Amino acid sequence: MDTKWVTSELAWTAHPETGWEEVSGYDEAMNPIRTYQVCNVRDTNQNNWLRTQFIQRHDIQRVYVELKFTVRDCNSIPNIPGSCKETFNLFYYESDTDSASASSPFWMENPYIKVDTIAPDESFSKLESGRMNTKVRSFGPLSKNGFYLAFQDLGACMSLISVRTFYKKCSSTIAGFAVFPETLTGAEPTSLVIAPGTCIPNAVEVSVPLKLYCNGDGEWMVPVGACTCAAGYEPAMKETQCQASQVEHEKRMVFAIGACETLW
């Protein structure tokens with residue numbers, strides 16, 4: 001999910017209806033965008049929730065969320081109670097089906113799981129243009145078919161400019177003359193996921209097992225085992241291929257010529 005490129009209505013679920021409001025706007029490049037904003041700072045005891053649509057998990061164990069937002073400086077707003085905030089909370093809720101409604105699950109921590117309280121690096125005053133903040137958070141392990149994101153406002157004046165969810169993976173690679181498949185990262189940032197390897201064509205195993213570890217940042221590390229080019233073949237293409245050696249190639253040429261002469 002990436003709302004940055006959405007121009008039609010997002011239609012997320014807000015509770016209560018007097019809290020978060022969906023509005024049209026423009027980004028820094030003057031592209032049309034859809035955002036959510038809330039600014040009930042003159043009212044005390046705010047508890048405004050906003051929930052996204054259902055997001056499929058697709059075997060991903062850990063999800064990353066990028067948030068772009070602006071927050072008004074409470075000191076720049078005159079005649080407000082001391083309950084004004086400059087933070088908001090990020091939650092998620094797992095489910096096997098897209099079954100959430102306006103009243104379920106209950107709008108509270110547990111059943112929702114809190115990821116973090118999000119604070120801006122910069123807030124802005126009335127005389128300034130909104131200062132964009134970007135924060136990335138992650139959560140897991142996930143086990144159900146999908147999840148919802150939820151945002152809780154407790155009395156801030158802010159705009160949620162865009163929300164992007166993504167995951168990390170180790171791309172397929174060749175190491176030690178072995179091919180390792182694309183591998184999703186694990187449930188924790190410190191997880192190491194084992195990817196089994198297979199010798200490339202014209203290569204044979206010299207030590208086993210063939211495996212690489214995919215770390216939480218989507219980087220390969222700790223190679224175990226290796227292959228080498230088979231007899232009659234030599235490394236090529238920065239050691240990602242095994243091609244017939246020059247001697248073997250000349251032998252094949254002589255054989256081919258001899259075969260042609262016999263046929264002739």
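Here, the structure is the one placed above.
Rules used throughout
- Residues numbered from 1 in each chain as written.
- Predicted model: local features only at pLDDT ≥ 70, side-chain atom pairs only at ≥ 80, totals over all residues.
- Heavy atoms only, no water.
- Helix = DSSP H or I, 4+ residues; strand = E, 2+ residues; numbered from the N terminus.
- Rg over C-alpha atoms; globule rule 2.2 N^0.38 Å.
- Buried < 20%, exposed > 50% of the residue type's maximum accessible area, 1.4 Å probe, protein only.
- Contact = heavy atoms within 4.5 Å.
- Areas by Shrake-Rupley, 256 points an atom, 1.4 Å probe, with all protein chains shown as cover.
- Lys, Arg positive; Asp, Glu negative; His and termini not counted.
- Charge placed at Lys NZ, Arg CZ, Asp CG, Glu CD.
- Salt bridge = Lys/Arg side-chain N within 4 Å of Asp/Glu carboxyl O.
- Disulfide = S-S within 2.5 Å.

Colleague: Go over the overall build of the protein chain with me, naming the residues and quoting the values.
Modeller: Counting its secondary structure elements, the protein chain contains one helix and 21 strands. What you see for the protein chain is a C-alpha radius of gyration of 28 Å, clearly larger than the 18 Å of a compact globule of 264 residues, by over 25%. Expressed along its principal axes, the backbone C-alpha trace of the protein chain runs to roughly 100 × 40 × 30 Å. Scored against the burial criterion, the 264 residues of the protein chain give a buried share of 39%. In the protein chain, the share of contacts with a sequence separation of at least 24, taken over all contacts with a separation of at least 6, comes to 67%. Accessible surface, the protein chain as shown: approximately 14,800 Å² in total, 51% of it carbon and sulfur. Distance from the positive charge centre (22 side chains) to the negative charge centre (31 side chains) of the protein chain: 4 Å.

Colleague: Can you break down the pattern of salt bridges residue by residue, with the values?
Modeller: The full count for this structure, using the stated rule, is eight salt bridges. Residue K168 is joined to D217 by a salt bridge in which the shortest nitrogen-to-oxygen separation is 3.8 Å. Here K168 is found in the loop between strand 11 (157-166) and strand 12 (169-170), whereas its partner D217 is found in the loop between strand 18 (203-214) and strand 19 (220-229), with 49 residues between them in sequence. Its relative accessible area of 52% is what places D217 among the exposed residues.

Colleague: Give me the lowdown on the state of the cysteines, citing residues and values where you can.
Modeller: Throughout the structure, instances matching the rule amount to five disulfides. Covalently, C39 is tied to C157 through a disulfide, its sulfur atoms 2.1 Å apart. One disulfide, between C39 and C157, carries an S-S torsion of -95 degrees and so falls in the left-handed class. With C39 in strand 3 (residues 32-39) and C157 in strand 11, this pair connects stretches of sequence that are 118 residues apart. Residue C157 is classed as buried on the basis of its relative accessible area, which comes to 13%. A disulfide bridge connects C170 with C214, and the sulfur atoms are separated by 2.1 Å. As the torsion about the S-S bond is roughly 95 degrees, the C170-C214 disulfide counts as right-handed. Pair noted here: C170 is in strand 12 and C214 is in strand 18, with a separation of 44 residues, a long-range link.

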